[in-house]
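# Structure assessment
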Amino acid sequence: MHKRHLALSGLTLALLLAGCATPVSTTIQPTQANIAKYSTLSALDVVTALEKNVNDAKASGMNFTAPHYYREAAQVLSDCQSGLNSKPKDQLAQMAAKGDAILEKGRNVMSIVQYRFAQELELKSKIDALDTAKLLPKDYEKTMGEFSGLIEKVERERPENIDKSKEALLKSLEALEIKSIQEGALHASEVINNENKAKLADKQVPETYGLALKAFNDAKTQIAAAPHDAALVKRLGAEALFAARHAQQVNERVALLQTQFKTASGSSPSFGASTGGMGGGGISMQSGGGSSNAAMDKTTVEKIVLQEEDRLLSISTALGHKDLRDLTIDKQVAELKRVAGEKAGAPAIAANNSKLEADLQAAQAATKQAMAQLAEKDQQLSTQAVQLADKDAQIAALNSKVTQLETAAASKPVAAVKSKAKKKK
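Notes on the structure in this doc start here.

Parameters and conventions
Residues numbered from 1 in each chain as written. Predicted model: local features only at pLDDT ≥ 70, side-chain atom pairs only at ≥ 80, totals over all residues. Heavy atoms only, no water. Helix = DSSP H or I, 4+ residues; strand = E, 2+ residues; numbered from the N terminus. Expected span 1.5 Å × (residues − 1). Buried < 20%, exposed > 50% of the residue type's maximum accessible area, 1.4 Å probe, protein only. Arc of directions from axis to C-beta. Salt bridge = Lys/Arg side-chain N within 4 Å of Asp/Glu carboxyl O. Axes fitted to C-alpha atoms, helices over the stretch in contact; angles between N-to-C directions. Parallel < 35°, antiparallel > 145°, perpendicular 65-115°, else oblique. Left-handed = near helix turned anticlockwise from the far one by under 90°. Contact = heavy atoms within 4.5 Å. Nonpolar A, V, L, I, M, F, W, Y, C, P; charged D, E, K, R; others polar.

To continue, consider helix 12 (residues 206-225). Since the α-helix turns once every 3.6 residues, residues separated by three or four places project in the same direction. Given a rise of 1.5 Å per residue, 20 residues ought to cover 28 Å, and the 28 Å separating the end C-alpha atoms of helix 12 matches this to within 8%. Turning to helix 12, its buried residues are Thr 208, Tyr 209, Ala 212, Phe 216, Ala 219 and Ile 223. What you see down the axis of helix 12 is that its buried residues fit within an arc of 105°, all on one side. Turned more than 90 degrees off the buried face of helix 12, the exposed positions are Leu 211, Thr 221 and Ala 225.

Structure below.
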């Protein structure tokens with residue numbers, strides 16, 4: 001009896017599953033109105049009319065809010081298209097009429113879904129407008145999968161006990177919208193921050209890189225608190241991007257000065273005149289006998305670069321221009337010259353450029369002086385290293401001599417030592 005009960009339960013379950021998998025079109029038959037719509041049309045016009053009906057359904061969102069009905073209507077359309085040259089017109093008209101009937105049922109289901117999920121669909125519309133499917137494909141697919149599962153319950157007329165699931169879905173949609181807004185505003189800065197870290201910015205320019213990360217994280221927090229404040233989101237995104245680009249330029253500048261410092265060794269420190277403004281191309285750093293252990297302190301070089309930027313920023317501020325520190329040094333200089341020329345007007349351009357050139361040269365001289373001081377310090381460290389190495393060699397030689405004497409003394413015959421002792425007695 002127990003086995004029979006299990007068998008019946010299994011059969012019941014199988015029938016239920018089969019019912020879920022049964023195409024909705026098997027239970028829908030076209031009405032006379034559906035058939036009349038196509039009965040007087042040519043075969044081509046039948047297919048064209050059904051195609052328009054299917055396309056209109058997709059445009060209204062049926063592919064999401066009544067997906068089973070939409071898919072089956074689209075399949076009817078595909079069958080009509082493929083049978084256009086092989087099936088009789090009356091058969092095509094009958095097929096198209098059934099496609100129409102399926103779409104009518106789908107529109108009825110859409111109305112129910114739109115009523116039951118009004119808030120969720122509104123959020124989905126906002127999420128789609130943010131291009132979330134491309135920005136966050138995995139998150140989007142997961143959340144929309146949950147949404148589709150609930151819609152299917154309504155579509156299959158089994159909407160019981162979905163309230164808790166709806167609450168969870170709403171929270172997921174709200175979280176996805178915020179995450180999408182954050183991603184849209186901060187994606188570019190995040191990419192640059194990651195590139196900077198890969199290029200050792202966290203070690204090479206820790207202060208500037210840290211500020212970039214802080215700007216990014218602060219922006220992310222503030223956007224989460226006010227995701228619909230478009231002006232705030234735009235400003236925070238711009239600030240985070242500026243900080244990331246600034247760290248990028250400082251990191252590249254420090255790397256350049258480090259390379260120049262390391263490659264230009266062999267004589268006393270000297271700095272050649274720059275031929276490219278403050279681009280660093282003309283800075284020639286040479287330090288005698290610099291060893292690899294006496295490398296320039298990276299954080300100190302970062303401070304020098306930041307001081308260099310501050311001098312240019314003061315010029316930009318004096319000209320009433322924007323902050324240019326997210327550009328390379330060369331581009332900052334070129335932009336400042338351009339702005340100075342525009343502000344001065346044609347008669348005063350030469351005089352104004354002369355003053356600006358003097359300011360830039362003074363800033364460049366300060367940078368060279370700071371780098372020279374570092375080179376001198378490196379030279380001193382190198383000399384000390386050589387002296388210590390010489391002392392180590394002398395100590396090693398003395399230790400070796402002592403070892404030799406001890407070995408020679410230990411190798412004398414014991415008898416000779418005893419004989420010598422008797423003579424003394």
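There's more to say after this.
Our focus in this paragraph is the pattern of salt bridges. In the structure shown here, the tally under the stated rule is 13 salt bridges. With its nearest N and O atoms 2.8 Å apart, the salt bridge here joins Asp 139 to Lys 179. Residue Asp 139 is located in helix 9 (residues 137-155), and its partner Lys 179 is located in helix 10 (residues 163-198); the two are separated by 40 residues in the primary sequence. Residue class for Asp 139 comes out partly exposed when judged on its relative accessible area of 26%.

Most peptide bonds are trans, and most residues other than glycine sit at a negative phi. Unusually for a residue other than glycine, Asp 131 sits at a positive phi of about 60°. Within the element layout of this structure, Asp 131 appears in the loop between helix 7 (118-129) and helix 8 (132-135). Of note in the backbone geometry, Leu 200 takes a positive phi value of approximately 65° without being a glycine. Looking at the secondary structure, you find Leu 200 in the loop between helix 10 and helix 11 (201-204).

Here the focus is the packing of helix 7 against helix 10. Put simply, helix 7 and helix 10 touch, their axes get as near as 10 Å, and they point 20° apart. Accordingly, the angle class assigned to the pair helix 7 and helix 10 is roughly parallel. Two packed elements cross with a definite hand, and for helix 7 against helix 10 that hand is left-handed. For the pair formed by helix 7 and helix 10, the contact residues are Gln 119, Glu 120, Leu 123, Lys 126 and Ile 127 on the first element and Lys 166, Leu 169, Leu 170, Leu 173, Glu 174, Leu 176 and Glu 177 on the second. Of the residues contributing to the contact of helix 7 with helix 10, the split by class is six nonpolar, one polar and five charged.

This next bit is on the environment of Ala 33. Here Ala 33 shows up in helix 2 (residues 32-39). On the accessibility criterion, Ala 33 (58% relative accessible area) is exposed. When the C-alpha atoms of Ala 33 and Ala 97 are compared, they prove to be 8.5 Å apart, with 64 residues separating the residues in sequence.

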